[in-house]
Amino acid sequence: MRTRTALAAGLLALAALTAACGKSDEEIATDCQQALAKTDTATLADRPDACADLSEDDYSALLFSKGLRDSGVIDENGNVDAEELLSDN
């Protein structure tokens, strides 16, 4: 009985340790945003390595957000610049 209890406790500890080693989706998205900020060549087909673990939808959203920021429609705080959005430039 002690052997099974010890084995079960060891497996649970191993599972908890393994789960703690990976990054959360938020951490991966943050790393991806930082990688996108450093490059101008990222596309849907050519992802930075930091974005490899994001889903296609999440990566597309970050790429679209970067495009809006680069165009000046969205500022660094995530606020919409209505004047820039409505300008003819």
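The residue numbers shown here count from 1 along each chain, following its written sequence. Totals for whole chains, interfaces and linings use every residue, but because this is a predicted model, local features are given only for residues with pLDDT of at least 70 and side-chain atom pairs only at 80 or more, for both listing and counting. Water and hydrogen atoms were dropped before computing side-chain values, which therefore reflect all heavy atoms in the structure.

Draft legend 1. Structural detail: the environment of A45. Numbered from the N terminus, helices here are DSSP runs of H or I no shorter than four residues, and strands are runs of E no shorter than two. Its place among the elements puts A45 in the loop between α2 (25-37) and α3 (56-71). Per-residue accessibility, obtained with a 1.4 Å probe over protein chains only, is compared with the maximum for each type, and a residue is labelled buried under 20%, exposed over 50%, and partly exposed between these values. We classify A45 as exposed; its relative accessible area is 79%.

Draft legend 2. The pattern of salt bridges, seen in detail. A pair is scored as a salt bridge if a Lys or Arg side-chain nitrogen falls within 4 Å of a carboxyl oxygen belonging to Asp or Glu. Throughout the structure, instances matching the rule amount to 3 salt bridges. Residue K23 pairs with D31 through a salt bridge whose shortest N-O separation is 2.4 Å. When salt bridges with common partners are traced through the structure, they connect D40, K66 and D70 into a single cluster.

Draft legend 3. Looking closely at α3. Working rule for helices: expected span equals 1.5 Å times residues minus one. For α3, spanning 16 residues, the distance from its first C-alpha to its last is 22 Å, which sits close to the expected 22 Å at 1.5 Å a residue. Tucked into the core, α3 has its buried residues touching α2. Positive backbone phi, approximately 90°, marks G72, located one or two places after α3. In this analysis, two residues are considered to be in contact whenever any of their non-hydrogen atoms come within 4.5 Å of each other.

Draft legend 4. Up close: α2. Over its 13 residues, α2 extends 18 Å from the first C-alpha to the last, a length consistent with the 18 Å expected when each residue adds 1.5 Å. For α2, the set of buried residues is I28, C32, A35 and L36. The buried residues of α2 all sit within an arc of 95° when viewed along its axis, so they share a single face. For α2, the exposed residues set more than 90 degrees away from the buried face come down to E26 and A37. Directions from the helix axis toward the C-beta atoms define the arc.

Draft legend 5. Broad picture of the side chain of T39. Summarising the element assignment, T39 is placed in the loop between α2 and α3. Discounting chain neighbours no more than four positions away, the residues touching T39 are P48 and K66.

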